Amino acid sequence: MTELRYMSSDLTTVKERGSHGKLLLPSLVMSNFAAGALSVLIGLLLIDIGDTFNASVGIMGQANTAYSAVAVVFALIMSFLSARFRHKSLLLIGLLFNSASAVGCLLASDFNTMLVSYSLGGLGWAMVSPMTSTLIGEHFALEKRASAIGWLIAGGSLVYVVGAPIIALIAAQGGWRLPLLEFVIPVSLASFLLALVSLPSSSHSHPCTARKETYLQSYKMILLNRSAAACLVGDVLRSAAFVAVLLYAASFVRQRFLASLNFASVVILGGALCYTLGSLASGRLVNRIGRKPSAVLTAVLAGAFTMVFMRMPNLWLSLALIFAASWFFGMLTSAANCLTLEQVPKFRGTMMSMDSASVNLGSALGAAVGGLALIRFGYEGLGSILGVLSIAAAFVFYFLATDPTRQKN
């Protein structure tokens, strides 16, 4: 009994320190921001990087394939590591991998070195993304988590809003390597130092000893839990649907309405800003109506707007619907993360690592299905099929998922 009281007291102390630490949330948001900076640079300057290595855009695009593949595989490995090592340590290592990836890209002298260096960033992302969510679950009170998750998601999208213009400006002055030296690497190192000094060293969710039984128990508790498994499936579907906006919206505007490249970049930035604002607004919705209803509602709305915007004959109407879809996808991402985070509190690290793999798998699925739909049915078919996937995610959340923080779901 004394031991139980001691553990309870330790838990409260850690939670209070984490909840009131002024730099705790900013450091986690900064970590997510830094984890996406290199991807923004690669996507924005793909043509310039290809020219350096005498590679076509299609060949250079394989770097993203390798990045995603590494992220999926290592996210699954992280589900083991998170049950063995402290989550702060894993986050710090992931941030170091991000920095090493950026340095490797900076020094790359050929395509293969560039490919390997960038792939290393996928490993870093697979460590940073689930650990930031897990640490919020550990150090924030239940009523504060929805807002914190919203800020976390916003950190990942703000890198497009803030980072893209900065990277473009620096690259215009000195080529694609200069933004690595003056922006990506400093941001990565700054996020590491901020996390090092601001995150609590202790945790009330102590890692388990490395036993086979522990690993099997964590997977059993997640995969045999209908609600937890539903969250993973729902996240595959909703991340696949988001590809319609993330990957295809700019091309749709350029081809359907003959918009310029500069205008298409505004579409990307505007969508990223709406996604960011949506993720921040999600906290209030979650606290008002609950995690599960929020996920269901926003999944339906995001899917509906995705199905409609590619059918509009007017550029400005289509643009408004793209921004609306982005807003609700931001809300959906935040609400779904809040729901997933509470499924198996004992193994949050494992759960969020598996969820990270699900999101990456969904992105790959959306890109593949969307591409085939575009070839076969055009943009109308692409929007309809990927929009339906978001609505399917809503059905999965509604019928199969439950919110453990509420008695009635």
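Preceding this paragraph is the structure being described.
Right, let's walk through the structure included here. From a predicted model like this one, the values you see are computed outputs, not experimental measurements.

1. Focus: the overall build of the protein chain
Helix and strand counts for the protein chain stand at 16 helices and zero strands. Taking all 409 residues of the protein chain together, 55% fall into the buried category. Pairs at least 24 apart in sequence give 84% of the contacts found in the protein chain among residues at least 6 apart.

2. Things to note about a nonpolar patch on the surface
Judged by side-chain polarity, F395, Y398, F399 and L400 come together as a nonpolar surface patch covering roughly 440 Å² of accessible area. Summarising the element assignment, L400 is placed in helix α16 (residues 348–400).

3. Some details on the packing of helix α11 (residues 226–246) against helix α15 (residues 315–341)
As a packed pair, α11 and α15 sit with axes 11 Å apart at the nearest point and diverge in direction by 160 degrees. It follows from the interaxial angle that α11 and α15 lie roughly antiparallel. Seen along the crossing, α11 lies across α15 with a hand that is left-handed. Residue-level inspection shows C231, D235, R238, A241, F242 and V245 of α11 in contact with α15, the latter providing I322, A325, S326, F329, L332, T333, A336, N337, L339 and T340. Residues belonging to the contact of α11 with α15 are distributed by class as follows: ten nonpolar, four polar and two charged.

4. Here's the deal with the side chain of T333
Looking at the element boundaries, T333 is found in helix α15. Apart from residues no more than four positions distant in its own chain, T333 is found in contact with I153, R238 and Y275.

5. Overview of the nonpolar core
Core analysis: the biggest nonpolar cluster contains 87 residues, and L28, L91, I136, F309, F329 and F397 have the highest contact counts within it. Contacts of L91, omitting those with residues within four sequence positions, involve L28, S31, V128, M131, T132, L135 and L199. With 33 residues, the next largest nonpolar core counts V40, L45, I49 and Y67 among its residues.

6. Overview of the packing of aromatic side chains
For the structure shown, the criterion picks out eleven aromatic pairs. Residues F305 and F328 carry aromatic rings whose centres are separated by 5.7 Å and whose planes lie at 5 degrees to one another, so their mutual orientation is stacked. Taken together, the residues F305 in helix α14 (residues 291–309) and F328 in helix α15 connect sequence positions 23 residues apart. Classification of F328 as buried rests on a relative accessible area of 18%.

7. Examining unusual backbone geometry
Phi angles above zero are rare outside glycine, and L258 is one such case at about 55 degrees. Position of L258 relative to the elements: it lies in the loop between α12 (249–257) and α13 (261–289).

8. Regarding the environment of F252
Following the sequence through the fold, F252 ends up in helix α12. Along the primary structure F252 and A264 are separated by twelve residues, whereas in three dimensions their C-alpha atoms are 9.1 Å apart. With sequence-adjacent residues up to four places away left out, F252 is seen in contact with F257, F309, M310, S318 and Y379.

9. Some thoughts on the environment of L95
Along the chain, L95 falls in helix α6 (residues 87–107). Expressed as a C-alpha distance, the spacing of L95 and L123, which sit 28 residues apart in the sequence, is 9.8 Å. Excluding anything up to four places from it in sequence, L95 contacts S31, V128, S191, F192 and A195.

10. Describing the pattern of salt bridges
What the rule picks out here adds up to four salt bridges. As a salt-bridge pair, R145 and E342 come within 2.8 Å of each other at their nearest N and O atoms. Linking R145 in helix α8 (residues 142–174) with E342 in the loop between α15 and α16, this pair joins segments that are 197 residues apart in sequence. Among the ionic pairs, R348 bridges to E342, the shortest N-O distance being 3.2 Å. Residue R348 is classed as buried on the basis of its relative accessible area, which comes to 9%. Through salt bridges with shared partners, a single ionic network connects R145, E342 and R348.

11. Some words on the packing of α8 against helix α9 (residues 177–198)
Relative to each other, α8 and α9 sit at 130 degrees, their axes nearing to 8 Å. Viewed along their axes, α8 and α9 adopt a mutual orientation that is oblique. Note that α8 runs across α9; the crossing there is right-handed. Contacts between α8 and α9 involve G163, I166, I167, I170, A171 and G174 on the former and, on the latter, L178, P179, E182 and F183. Of the residues assigned to the contact of α8 with α9, the class counts are seven nonpolar, two polar and one charged.

About the criteria used
Residues numbered from 1 in each chain as written. Predicted model: local features only at pLDDT ≥ 70, side-chain atom pairs only at ≥ 80, totals over all residues. Heavy atoms only, no water. Helix = DSSP H or I, 4+ residues; strand = E, 2+ residues; numbered from the N terminus. Buried < 20%, exposed > 50% of the residue type's maximum accessible area, 1.4 Å probe, protein only. Contact = heavy atoms within 4.5 Å. Patch = residues over 30% accessible without salt bridge, like charges linked within 9 Å, V, L, I, M, F, W, Y side chains within 5 Å. Areas by Shrake-Rupley, 256 points an atom, 1.4 Å probe, with all protein chains shown as cover. Salt bridge = Lys/Arg side-chain N within 4 Å of Asp/Glu carboxyl O. Axes fitted to C-alpha atoms, helices over the stretch in contact; angles between N-to-C directions. Parallel < 35°, antiparallel > 145°, perpendicular 65-115°, else oblique. Left-handed = near helix turned anticlockwise from the far one by under 90°. Nonpolar A, V, L, I, M, F, W, Y, C, P; charged D, E, K, R; others polar. Core = buried A, V, L, I, M, F, W, Y, C linked by side-chain atoms within 4.5 Å. Phe/Tyr/Trp six-rings, centres within 6.5 Å; stacked < 30°, edge-to-face > 60°.

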